[in-house]
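Structural characterization, general
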Amino acid sequence: MISDDLAAEASSLDARDALRGFRDRFVGADSPLVYFDGNSLGRPPLATLARLEDFVRDEWGGRLIRGWDESWMGLPFAIGDEIGRVAIGAAPGQTTIGDSTTVLLYKLVRAAFDAQCAADPARVEIVVDRDNFPTDRYIVDGIAAERGGRVRWIEVDRTAGVDADGLRAAVGPETAVVLLSQVAYRSGHLADAEALTTIARDAGALTVWDLCHSAGSVPVRADEWGFDLAVGCTYKYLNGGPGSPAFAYVAERHQDSLAQPIQGWMGTADVFAMGPGYRPADGMRRFLSGTPPVLGMLAMQDTLEMIGEAGIDAIRDKSIALTEFAVRVSDSILAPLGVTLASPRDPSQRGGHVTLAHPAMREVTARLWSQDVIPDYRDPGGLRIGLAPLSTSFTETLTGLDAVAAALRAIAA
Ligand SMILES: *Cc1c(COP(=O)(O)O)cnc(C)c1O
């Protein structure tokens with residue numbers, strides 16, 4: 001049973017929530033289902049229903065192939081600029097939508113590695129942490145094998161993430177590239193991206209930031225913090241829908257000196273010249289390879305509008321309030337059942353989700369999914385509670401955590 005105090009606190013937080021109106025703008029938010037996975041696949045905005053239908057009927061159906069000339073060719077750059085403006089602090093001309101996160105990471109890490117090695121053949125190491133997302137670790141491993149480089153692993157605590165001392169100890173005259181996640185997918189640890197970028201730069205390295213769990217949830221100031229390169233997901237906090245294409249950021253100063261490895265016609269200076277050889281375009285176009293996935297870029301535009309309206313700083317304030325509330329509720333009703341917090345306690349070091357650990361969490365997750373309470377599970381024993389600031393309410397958070405307590409009690413009985 002939820003205590004009256006916690007229930008009253010949840011309603012009062014909802015009543016005072018400056019962003020509460022946004023929740024009504026998502027499909028399904030009026031149902032009793034509890035959604036704790038907006039950090040993995042965000043809910044669809046209601047506006048997206050009409051946007052998709054209009055697109056199919058009027059643009060695809062009405063304009064047909066003329067649509068490419070009229071607007072679709074420019075869409076990756078127009079939406080990229082909007083992501084830059086509302087979510088990642090990038091001036092126009094540095095962000096584009098492309099392939100999956102995995103493929104964009106490959107393209108940018110390899111481009112950066114090759115440029116670094118060419119300038120200084122001693123720079124053959126790619127630095128990555130042992131607890132980074134699997135795709136990030138696999139990409140780096142593959143590039144090192146393919147290019148005759150080496151991976152330098154940073155060991156990290158699974159309930160935290162990479163800090164300044166850890167990075168300082170790993171970089172040096174042999175470092176080519178550093179690949180880090182700003183928000184750790186497992187613990188939710190929020191790295192000090194500005195400080196870490198500076199440490200890598202002082203060692204002569206280029207940094208590629210993975211912003212998958214950051215974009216739309218924590219402020220990023222790519223230009224101000226001196227980022228070199230970044231990649232991020234659009235189907236998480238940007239609600240782009242299953243498999244929506246990722247974005248890439250390349251600081252203007254690097255664009256014309258980087259050569260990405262998947263040389264396709266869409267990345268050339270004059271796409272329809274169809275010339276005999278590949279000549280990369282100036283600017284961000286050179287980071288494209290093939291035909292842009294236009295259908296996949298539709299939904300995210302509705303969330304980008306909402307982020308622009310709400311402001312990323314207000315979104316971060318609500319995100320902190322949500323995770324603080326989740327931690328308080330967990331301390332109060334889950335800790336007595338043996339649950340521990342596998343995320344940083346200090347909100348300034350935590351992104352938009354919290355991970356709660358208990359050996360029974362895999363079973364808890366299966367039970368909860370069948371009851372329309374949807375967190376996700378990450379080994380070892382971690383229940384991830386993703387709290388999407390635009391679509392999650394405090395009452396929803398409390399209802400879901402109470403269901404976790406009930407599931408744990410049922411399993412123990
Ligand atoms: C979600 C996520 C990815 C996903 O990559 P895809 O190519 O979209 O499957 C990569 N890195 C991190 C850190 C993620 O959280």
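- Going by an unreviewed UniProt entry, the protein carries the name Kynureninase and comes from Microbacterium rhizomatis.
- What the UniProt record of the protein gives under Subunit (unreviewed entry) is the line "Homodimer."

1. A word on the overall build of the protein
- Each helix and strand in the protein was counted, giving 13 helices and 13 strands.
- Over its C-alpha trace the protein gives a radius of gyration of 22 Å, about what one expects of a compact globule, namely 22 Å for 413 residues.
- Principal axes of the C-alpha set define a box for the protein whose edges measure 70 × 55 × 35 Å.
- For the protein, the share of sequence-separated contacts (at least 6 apart) that also reach a separation of at least 24 residues comes to 72%.
- In the form shown here, the protein has an accessible surface area of approximately 16,500 Å², with 55% of it arising from carbon and sulfur atoms.
- Looking at charge distribution, the protein has the averaged site of its 38 positive side-chain charges lying 2 Å from that of its 55 negative ones.

2. Some words on the site of the ligand
- If you check the shell around the ligand, you find 13 residues, and the closest are Thr 102, Asp 210, His 213, Tyr 235 and Lys 236.
- Note that a nitrogen atom of the ligand is positioned 3.1 Å from one of the side-chain N or O atoms of Asp 136.
- Burial of the ligand by the protein chains amounts to 86% of its free accessible area of 390 Å².
- Elements supplying a minimum of two residues to the shell around the ligand: helix 5 (101-119) and helix 6 (134-147).
- Counted by class, the shell around the ligand contains four nonpolar, six polar and three charged residues.

3. Details of the nonpolar core
- With 52 residues, the main nonpolar core has Ile 83, Ile 88, Leu 167, Trp 209, Phe 227 and Leu 390 as its most contacted residues.
- Contributing elements (two or more residues each) for this core: helix 4 (75-88), helix 7 (164-170), strand 5 (175-181), helix 8 (193-202), strand 8 (247-250), helix 10 (299-310) and helix 11 (312-334).
- Ranked by residues supplied to this core, first place goes to helix 4 with six residues.
- Both of domain 1 (4-45 + 311-412) and domain 2 (71-307) provide at least three residues apiece to this core.
- With near-sequence residues (within four places) excluded, Ile 88 lies in contact with Ile 83, Thr 95, Leu 211, Val 220, Arg 221, Ala 222, Phe 247 and Tyr 249.
- Ala 111, Val 128, Val 250 and Leu 288 belong to the second largest nonpolar core, which has 33 residues in total.

4. Topic: unusual backbone geometry
- Following Asp 379, the chain continues into Pro 380 via a peptide bond in cis, with omega recorded as -5°.
- A positive phi angle is found at Met 274, which is not glycine, with a value near 50°.
- For Met 274, a relative accessible area of 56% gives the class exposed.

5. Overview of empty space enclosed by the protein
- All told, the structure shown has three cavities of 30 Å³ or more when counted by the stated rule.
- Along the wall of the largest cavity there are 18 residues; nearest its centre are Asp 129, Gly 161, Val 162, Ser 181 and Ala 184.
- Looking at the lining of the largest cavity residue by residue, the class counts come to ten nonpolar, five polar and three charged.
- Here the second largest cavity defines a volume of roughly 70 Å³.
- Taken together, Gly 38, Gly 216, Lys 236, Tyr 237, Asn 239, Ile 315, Ala 388, Pro 389 and Leu 390 form the lining of the second largest cavity.
- The residue inventory of the lining of the second largest cavity, partitioned by class, reads five nonpolar, three polar and one charged.
- Here the lining of the second largest cavity spans two domains, and each of domain 1 (4-45 + 311-412) and domain 2 (71-307) adds at least three residues to it.

6. Side note on the environment of Asp 129
- Along the chain, Asp 129 turns up in strand 3 (residues 125-129).
- Linking Asp 129 and Pro 242, residues 113 residues apart in sequence, is a C-alpha distance of 27 Å.
- Ignoring sequence-local partners within four residues, the contact set of Asp 129 consists of Arg 137, Trp 153, Ile 154, Val 156, Val 162, Leu 179 and Leu 180.
- A distance of 3.0 Å separates a polar atom in the side chain of Asp 129 from the backbone nitrogen of Asn 132.

7. Digging into a nonpolar patch on the surface
- There is a patch of nonpolar side chains on the surface, built from Val 56, Trp 60, Leu 64, Ile 65 and Leu 295 and spanning about 530 Å² of accessible area.
- Examined against the element boundaries, Val 56 turns out to sit in helix 2 (residues 46-63).
- Under the relative-accessibility criterion, Val 56 is labelled partly exposed at 41%.

8. A few points about the sheet that holds strand 7 (residues 229-232)
- One open sheet holds the seven strands; their spatial order is 2-8-7-6-5-3-4, and the pairing between them is mixed. Looking at which strands have only one partner, the edges of the open sheet turn out to be strand 2 (95-97) and strand 4 (150-154). Averaged over neighbouring strand pairs, the angle between their axes works out to 20° when direction is ignored.
- Where strand 7 lies against strand 8, four bridges are found, and the strand directions are antiparallel. Bridge pairing links Ala 230 to Tyr 249 in strand 8.
- Running over the sheet, helix 4 touches strand 2 and strand 8 and is turned about 125° from strand 2.

9. Side note on the domain arrangement of the protein
- On domain assignment, one finds that the protein holds domain 1 (4-45 + 311-412) and domain 2 (71-307).
- Inter-centroid distance (C-alpha atoms) of domain 1 to domain 2 is 29 Å.
- Contacts between the two partners involve 34 residues from domain 1 and, on the opposite side, 27 residues from domain 2.
- Of the roughly 2,500 Å² buried where domain 1 meets domain 2, counting both sides, 58% is carbon and sulfur surface.
- Together, Pro 45, Ile 312 and His 353 form the three largest contributors to the area buried by domain 1 at its contact with domain 2, with a combined 20%.
- Inspection of the domain 1/domain 2 interface yields one salt bridge.
- Of the charged contacts in the structure, one is a salt bridge between Asp 313 and Arg 221, with a shortest N-O distance of 3.1 Å.
- In this structure, the connection of domain 1 to domain 2 is made through 15 residue pairs in polar contact (both at pLDDT 80 or more).
- Going through the elements one at a time, helix 11 and strand 10 (353-357) are the ones with two or more residues in the side of domain 1 that touches domain 2.
- With five residues, the single largest contributor to the side of domain 1 that touches domain 2 is helix 11.
- Counted by class, the side of domain 1 that touches domain 2 contains 13 nonpolar, 13 polar and eight charged residues.

Reading the values: rules and limits
Residues numbered from 1 in each chain as written. Predicted model: local features only at pLDDT ≥ 70, side-chain atom pairs only at ≥ 80, totals over all residues. Heavy atoms only, no water. UniProt positions renumbered as here; feature names shortened; annotations may be inferred. Helix = DSSP H or I, 4+ residues; strand = E, 2+ residues; numbered from the N terminus. Rg over C-alpha atoms; globule rule 2.2 N^0.38 Å. Contact = heavy atoms within 4.5 Å. Areas by Shrake-Rupley, 256 points an atom, 1.4 Å probe, with all protein chains shown as cover. Lys, Arg positive; Asp, Glu negative; His and termini not counted. Charge placed at Lys NZ, Arg CZ, Asp CG, Glu CD. Near = heavy atom within 4 Å. Polar contact = N/O pair within 3.5 Å; in protein donor to acceptor, adjacent residues only side chain to side chain. Nonpolar A, V, L, I, M, F, W, Y, C, P; charged D, E, K, R; others polar. Core = buried A, V, L, I, M, F, W, Y, C linked by side-chain atoms within 4.5 Å. Buried < 20%, exposed > 50% of the residue type's maximum accessible area, 1.4 Å probe, protein only. Domains from an automatic or database assignment. 1 Å grid on protein atoms, 1.4 Å probe; cavity = no way out; pocket = protein on both sides within 12 Å on 5 of 7 lines; lining within 4 Å. Points joined across faces, edges and corners; volume = space filled by probe spheres on them. Patch = residues over 30% accessible without salt bridge, like charges linked within 9 Å, V, L, I, M, F, W, Y side chains within 5 Å. Salt bridge = Lys/Arg side-chain N within 4 Å of Asp/Glu carboxyl O. Pairing = 2+ DSSP bridges. Axes fitted to C-alpha atoms, helices over the stretch in contact; angles between N-to-C directions. Buried area = accessible area lost by both parts, 1.4 Å probe.

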